[in-house]
Amino acid sequence: MKNPDVVLIGFGWTGAIMAERLTAAGLNVLAIERGGWRDTPNNFATTFDQDELRYMWRHRLFENVAHDTLTFRNNTSQVALPMRRLGSFLPGTGVGGAGVHWNGQVWRFLPSDFKALSHNRERYGQAAIGDMTIADYPVSYDDLEKHYDTFEYLCGVSGKAGNLNGAIQPGGNPFEGPRSREYPNPPLDMTYGPMLFAKAAQEAGYHPFVHPAANMSRAYTNPLGVQMGECTYCGFCEKFGCGNYSKASPQATILPVLMRRPNFKLITHCEVTRIELDSTRKRATGVTYVDDKGKERFQPAELVMLTAYILHNVRLLLLSGIGAPYDPQSGTGVIGKNYAYQITSSVNVFYDDKITNPFIGAGALGMIIDDFNGDNFDHSGLGFIGGGYIGVVNTGARPIETHPVPKGVPAWGAEWKKAVARNYLRMVSIATHGAVMSHRGNYLDLDPTYKDAFGRPLLRMTFDYTDNEHRMSDYLTDRATDVAKRMGARDVSPKKRTGAYSIVPYQTTHNTGGAMMGDDPRTSAVNRYLQSWDVSNLFVTGSAVYPQNAGYNPTGTLAALAYWSADAVVNRYLKAPGPLI
Amino acid sequence: MPPSDFTRRNVLATGTAGLALAQAVKADTYQSDPKLPPAETDRPAAADPLHGYVFFSTAEASFIEAALARLIPKDELGPGAVEAGVAVFIDRQLAGPYGQGDHFYLKGPFPKSEPTQGWQAPKPAEVYRQAIPAVERYAKDSAGASFAQLSPEKQDTVLKALESGDAKLKGGVEAKTFFALLLQNTMEGFFSDPLYGGNRDMAGWKLIGFPGARYNNRPYVLRHGERYPLPPVAIGGRPDWSRS
Ligand SMILES: Cc1cc2nc3c(=O)[nH]c(=O)nc-3n(C[C@H](O)[C@H](O)[C@H](O)COP(=O)(O)OP(=O)(O)OC[C@H]3O[C@@H](n4cnc5c(N)ncnc54)[C@H](O)[C@@H]3O)c2cc1C
Ligand code: SF4
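### Focus on the overall build of chain B
Secondary structure assignment for chain B yields 6 helices and 3 strands. Written out in order from the N terminus, the α and β elements of chain B read β-β-β-α-α-α-α-α-α. Within chain B, the fraction of its 244 residues that count as buried is 51%. Taking all contacts inside chain B whose residues are at least 6 apart in sequence as the whole, residues at least 24 apart take part in 64%.

Written as C-alpha cells, this is what we have:
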C-alpha cells in the first residue's frame, strides 16, 4: 500500500465500520491499534474462555490502567485522583476494542431523544430544563433509520419489531421509532427469570417485549457474507469474548472480509499520541504514534478518523490542541463539554419455590419494558426529565460477581453462607437503565498532575449525578419495585443509586460526550457529519459526539452515526474535500 | 490443588507460583492476508499446585487462615474458605502479577481521597504486607491476643471493626480498604476456576449450584423451574474423568 488515504486511530467497533465502508469505496485505509491481534480460536476459545477470574477480575481483555488511566473527582472543589483500578466502566484494548467483550444489547434511541432540548422545552416549559446544558442532536431519527438497520443486519440482531413503518406490532416495543423492516433474526428463547418479570409487568398494565440481542438465535449469514453460529446461552458473554461466533463483534461480523481487502492494512501494538496539524492548524497532516519499541513515528494521511473510544477520542483532541477546551466557569469552549453517563439501579427478587437457574444467559437475553424511557410517559409534576428502560437481562450469573443475598444479610460469615446457598438458584434481578442529561459542571479536561506511561497528562473527569438523575432513577426503581412485588416472591430487595457517583462499582461502559455534535461551531466540536469544525479532514466517531445520553445502551446509535458519517465522506467529502457545512 | 484434579494438563500451560506468562508485546502488520497470524493461543496458566505458601510468612498465614475460617466457615453446608484452598489461592495471586499491581496505576502523589475516588492504596501485595501486622496489633490492643488465638466471636468483632472502618490501623493502610480487598479475594478464591488453587473440588460452585465452565446450555433454556441436571465442570475437567 502506498501512503494511505485514511488513518484510523483505534480499531474497535467504529474503526471496523469505517474501515469496511471506506475500503469498499476504494480508499486505502490504515488502522493503528494500541493493543494486539485477537481472534476467536486463539483468544476466546471455548476450552478456556469461561474463566471469570481471568477475564472479569484480572482484566484480560480490558484497558490496562497501569499504562494509562484517567483522574476523577465529583466536582471542582475536589482534587481529581487517578482511577488506580478499573471499576465503574471497562474500556477495551486490542483488535475489536470493547466490541469484543460487550453484551450485544442493540438499541435505537427514541425519535424524541434526538430533540431532548426542544421536545422537553415544548412539553414541560423552560423551567423543566433549568440549567442543564442539553441540546438537540443535529440529526434526526429519520436520518439514521437506514443506518441503524445496516448495523442490525450486520450484527444479525435477534428481536421483534414493535413499529414497522408506523404500524404497531404485537410482541415488540410499541414505543420505538418506526423501523423499515423486521429484525434479521427471531428472538432468543427466554429463560425463566425474564418471563416471570414480563408476566408481572403485563399484569401491571405495561408493555413487555424481548430485548434486541446481537446474540444469534439461529445460524446467520450477514450482508458481508460472514457466517455466525447459534448462541449456546453460555453465560460468559459480557466481559468475555464469544467462543461460538454467536455474539456480534468486529471479529465475528467484519474482519473476515475486511482483512482480505488489499487496500486495508492494520498495525497493532502502536499507540497514537497526537494528531499533527499543518501551519494553518486547519488541516491534519497525519498522526504521531509510538511503536512497540517505544519509538515515535509519523504517519501521513489525507483523512484522519478518531475511532479510539470516547475517552481517548476526547483526550487526543485535547492533547493535539484541536478545538477550544471547555471551561465550566464561563461555559465557553467545546472540547470536554457535556460529558454524561448512565444511571442504574436494581431490585433483587428471591423465591423459595422457583428455580430460575440464573447462570443460563446471554449478554442481551431479557424482557424489557420501555414505558418509562425517554418521554414515553408524562413527566408533569415529577421534577425530572428523561427516563430509562426496566427489565431482567439474564446475562449469566458468574458467581464471584453475582451472588446476591436479601437486604439485611451480612456480606460474609455463616449467615451469608446459608443465604447464598439458599438464594443463588432462586433469584431474579431487575435492572433499571436510565439516561444522564448534560450539566454545566460535568466535563472532561487534562489533569494538571498525573501522567501516563509516556509522560502525557491523563484525562480528568469531573462528574456527578444531579437531582434530575436521582429523582429519575428513584422513580424507575419504584416502578421496578411495583412490578417485583407482583412476582410472587419471598423477598424483594430494591437497591437505589444513592449519593454521589462513585468510580468503584461496575455500572456501565456508556460514557458519552466531550466532543458533541451540533449545528454551531461555537457550541459543538463536530458538525452533523462528525467532521471537526476546526480541522476539516478529521472526523470524530463514537459516543463522544452525543450532546447528552439517552436511556439506552449507546452502540446502536454510535454505529449508525459511523455509517452516516462514512456515507457523507464517500458521497460528499471525496467529491469536494473541505468543510461539509 | 492435587494434580489428580487435572485430566487435560497437557493443554494447560503451567507457570510457576501462579505467574501468568508475560504477554509478548510485538507490533505486527496485517495486510490482505487471510491466514491467521502466528498468534499464540492465549491459554491460562495454572497456579503452582505444590502445597505451602510462596508469599505469606508463617505469621501472615496464621492470620489469613483464621480470618478465612470466619469469612466463609466450614459448616453443615460444606467446606469453608480454608478447606476450599482460598489461602493458597490468595498466596499465589499475591506472589504473581496481580499482587505486584500489574493492572493498577501506582504513580504518586497519594493525597487524601473521597470514597467515590476508589482505590488509593499501594499494590495488593503491599497492602497485605502492611495490614496484617497492623491488624494483629489491633487484635492484641482491643481483644488481648493475636487474631488466631481469639475466640470465633472475638474474631468476628475484629473483622466487623475492619469492615466498618471503626478499627484504626497503625501504619498507613486503612482498615476498610484492607477488609474489602480480603473479602473480594476470598470470594475470588471460593468461586473462581480451581485452576488458580482455590474452589478445591469445586466446593464453592457445589454450594450454590453453579455448573462451572460449561458452554452449551441450550437444552435447558426452556426447562423453566427445573433443576439443572449436570454436575459442575472446571476448565481442567472433573476429577472423576480421570478415575475409572
Ligand atoms: C462490559 C461491557 C458491556 C457493554 N455492553 C454493551 C451493550 O450491550 N450495548 C451497547 O450498546 N454497548 C455496550 N458496551 C459499550 C460498547 O462496547 C462501546 O460502545 C463500543 O465498543 C464503542 O465503540 P468504539 O469504536 O467507540 O470503541 P472501542 O470499540 O472500544 O474501540 C476503541 C479502540 O481504540 C483503541 N485505542 C484507544 N486509544 C488508542 C490510541 N491512542 N492509539 C491506538 N489505538 C487506540 C482501543 O485499544 C480500542 O481497541 C459495553 C461495553 C463494555 C465494556
Ligand atoms: S452467551 Fe451466546 S453470544 Fe454470548 S458468549 Fe455465550 S455463546 Fe456467545
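### Thoughts on the site of ligand 2
With respect to spatial proximity, 14 residues lie near ligand 2, and among them Cys231, Cys234, Cys237, Cys242 and Asn244 of chain A are the closest. Residues belonging to the shell around ligand 2 are distributed by class as follows: 7 nonpolar, 6 polar and 1 charged.

### Focus on the state of the cysteines
All names here are of chain A. Under the counting rule described, the total for this entry stands at 0 disulfides over all chains. Just so you know, Cys155 is unpaired, no disulfide at all, and the nearest cysteine sulfur is the one on Cys237, 12 Å from it. On the accessibility criterion, Cys155 (0% relative accessible area) is buried.

### Looking at the confidence of the model for chain B
Within chain B, residue pLDDT values average 87, and 86% of them lie at 70 or more. Note on residues 1-23 of chain B: pLDDT under 50 across the span, and 55 contacts to partners over four residues away in sequence or across chains.

### A look at the nonpolar core
In globular proteins that are soluble, nonpolar side chains generally tend to be buried together. In terms of nonpolar packing, the biggest core is built from 250 residues, with Phe11, Phe151, Phe197 and Ile430 of chain A together with Tyr128 and Phe178 of chain B touching the most fellow members. Broken down by element, the residue count for this core peaks at 11 residues, all from helix H13 (residues 555-573) of chain A.

### Looking at the sheet that holds strand S7 (residues 209-210) of chain A
Residues and elements named next belong to chain A. Here 6 strands make up an open sheet; going across it, the order is S7-S16-S17-S18-S15-S21 and the pairing antiparallel. This sheet does not close on itself; its edge strands, each paired only once, are S7 and strand S21 (491-495). Direction of pairing for strand S16 (residues 366-369) relative to strand S17 (residues 388-393): antiparallel, over a ladder of 4 bridges. Considered in S17, the bridge of Gly366 is made with Val393. Across the face of the sheet, helix H12 (residues 467-485) comes into contact with strand S15 (342-350), S17, strand S18 (427-435) and S21 while running at roughly 20 degrees to S15.

### A few points about unusual backbone geometry
Most peptide bonds take the trans form, and the phi angle of most residues other than glycine is negative. Across the junction of Gly108 of chain B and Pro109 of chain B, the peptide omega takes the value -5 degrees, indicating a cis bond. If you trace the backbone, Pro109 of chain B turns up in the loop between helix H2 (86-95) and helix H3 (124-143). Of note, the phi angle at His59 of chain A is positive, near 60 degrees, even though the residue is not glycine. As for its position among the elements, His59 of chain A is in the loop between helix H3 (52-57) and strand S3 (70-73). Exposure remark for His59 of chain A: the relative accessible area of 10% places this residue in the buried category. Positive phi, normally seen in glycine, also occurs at Asn165 of chain A, with a value near 50 degrees. Relative to the elements of secondary structure, Asn165 of chain A occurs in the loop between strand S5 (163-164) and strand S6 (167-168).

### Side note on the interface of chain A and chain B
Contact with chain A, which involves 93 residues of that partner, is made by 92 residues of chain B. Buried surface at the junction of chain A and chain B, both sides included, amounts to about 7700 Å², of which 59% is carbon and sulfur. For chain A, the biggest contributors to the area lost against chain B are Arg84, Trp412 and Lys417 of chain A; these three give 13% of the whole. Seen at the junction of chain A and chain B, the total is 6 salt bridges. Across the pair Asp75 of chain B and Lys417 of chain A runs a salt bridge whose closest N-O atoms are separated by 2.8 Å. Linking chain A to chain B there are 40 residue pairs in polar contact (both at pLDDT 80 or more). Of the residues assigned to the side of chain A that touches chain B, the class counts are 50 nonpolar, 22 polar and 21 charged. Sheet topology note: the strand S10 (residues 264-267) of chain A/strand S2 (residues 29-31) of chain B ladder contains 3 bridges and is antiparallel.

### Re the pairing of strand S2 (residues 29-32) of chain A
Residue and element names in this part refer to chain A. Burial along S2 is two-sided: the face carrying Val29 and Ala31 and the face carrying Leu30 and Ile32 are both buried. In this structure, strand S1 (residues 6-9) lies alongside S2, joined through 4 bridges in parallel fashion. Paired with Val6 across the bridge in S2 is Val29. Where S2 meets S10, 4 bridges bridge the pair, whose relative direction is parallel. Bridge pairing links Ala31 to Leu266 in S10.

### Quick look at the pattern of salt bridges
Residues and elements named next belong to chain A. All told, the structure shown has 44 salt bridges over all chains when counted by the stated rule. A salt bridge links Arg181 to Asp149, with the nearest nitrogen and oxygen atoms 2.8 Å apart. In this pair, Arg181 is assigned in the loop between S6 and helix H7 (192-203) and Asp149 in helix H6 (residues 141-155), connecting sequence segments 32 residues apart. The class for Arg181 is partly exposed, based on a relative accessible area of 38%. Residue Asp149 is classed as buried on the basis of its relative accessible area of 8%. A cluster of three or more residues bridged by salt bridges with shared partners is formed by Asp68, Glu271, Arg315, Asp452 and Arg456.

### Digging into the site of ligand 1
All names here are of chain A. Close to ligand 1 lie 38 residues, the nearest being Thr14, Glu33, Arg34, Gln105 and Thr555. Trp13 has a polar backbone atom sitting 3.1 Å from an oxygen atom of ligand 1. At 3.4 Å, a side-chain N or O of Thr93 approaches an oxygen atom of ligand 1. Protein contacts shield 99% of the accessible area of ligand 1, which totals 990 Å² for the unbound molecule. Secondary-structure elements contributing two or more residues to the shell around ligand 1 are helix H1 (13-24), strand S11 (271-277), helix H10 (310-319) and H13. Residues that form the shell around ligand 1 fall into these classes: 15 nonpolar, 19 polar and 4 charged.

Scoring rules and cut-offs
Residue positions are given per chain, counted from 1 along the sequence in the order it is written. As a convention, the first chain written is A and the first ligand written is 1, with the rest following in written order. Local features are withheld for residues below a pLDDT of 70 in this predicted model, meaning they are given only at 70 or higher, and side-chain atom pairs are given and counted only at 80 or more; totals for whole chains, interfaces and linings count all residues. Excluded from the side-chain calculations are hydrogens and water; all other atoms, namely the structure's heavy atoms, are used. Numbering of helices and strands starts at the N terminus; helices are DSSP runs of H or I of at least 4 residues and strands are runs of E of at least 2. A 1.4 Å probe rolled over the protein chains alone gives each residue an accessible area, and that area as a share of the maximum for its type sets the label: buried under 20%, exposed over 50%, partly exposed in between. Here, residues are in contact when the closest pair of their heavy atoms is within 4.5 Å. A molecule or strand has a residue near it when one of that residue's heavy atoms lies within 4 Å. Only Asp, Glu, Lys and Arg are considered charged, only Ala, Val, Leu, Ile, Met, Phe, Trp, Tyr, Cys and Pro nonpolar, and every remaining residue, Gly among them, polar. Throughout, disulfides are identified as pairs of cysteine sulfur atoms within 2.5 Å of each other. Each residue carries a pLDDT score, the predictor's own confidence in it, on a scale running from 0 to 100. Put simply, a nonpolar core is a bunch of buried Ala, Val, Leu, Ile, Met, Phe, Trp, Tyr and Cys residues held in one set by side-chain atoms that sit within 4.5 Å of each other. The pairing criterion is simple: DSSP has to find at least two bridges between the two strands. To get an axis, a line is fitted to the C-alpha atoms, and for a helix only the part in contact is used. The angle between two axes follows their N-to-C directions and goes from 0 to 180 degrees. Joining two parts hides part of their accessible area as seen by a 1.4 Å probe, and the buried area is that hidden amount summed over both. Any Lys or Arg side-chain nitrogen located within 4 Å of an Asp or Glu carboxyl oxygen qualifies as a salt bridge. For this analysis, a polar contact is any N or O atom pair within 3.5 Å, provided that within protein one partner can donate a hydrogen and the other can accept it, and provided that sequence-adjacent residues contribute only side-chain to side-chain pairs. To measure how exposed things are, a 1.4 Å probe is used in the Shrake-Rupley method; for residues, cover is taken only from the protein chains shown.

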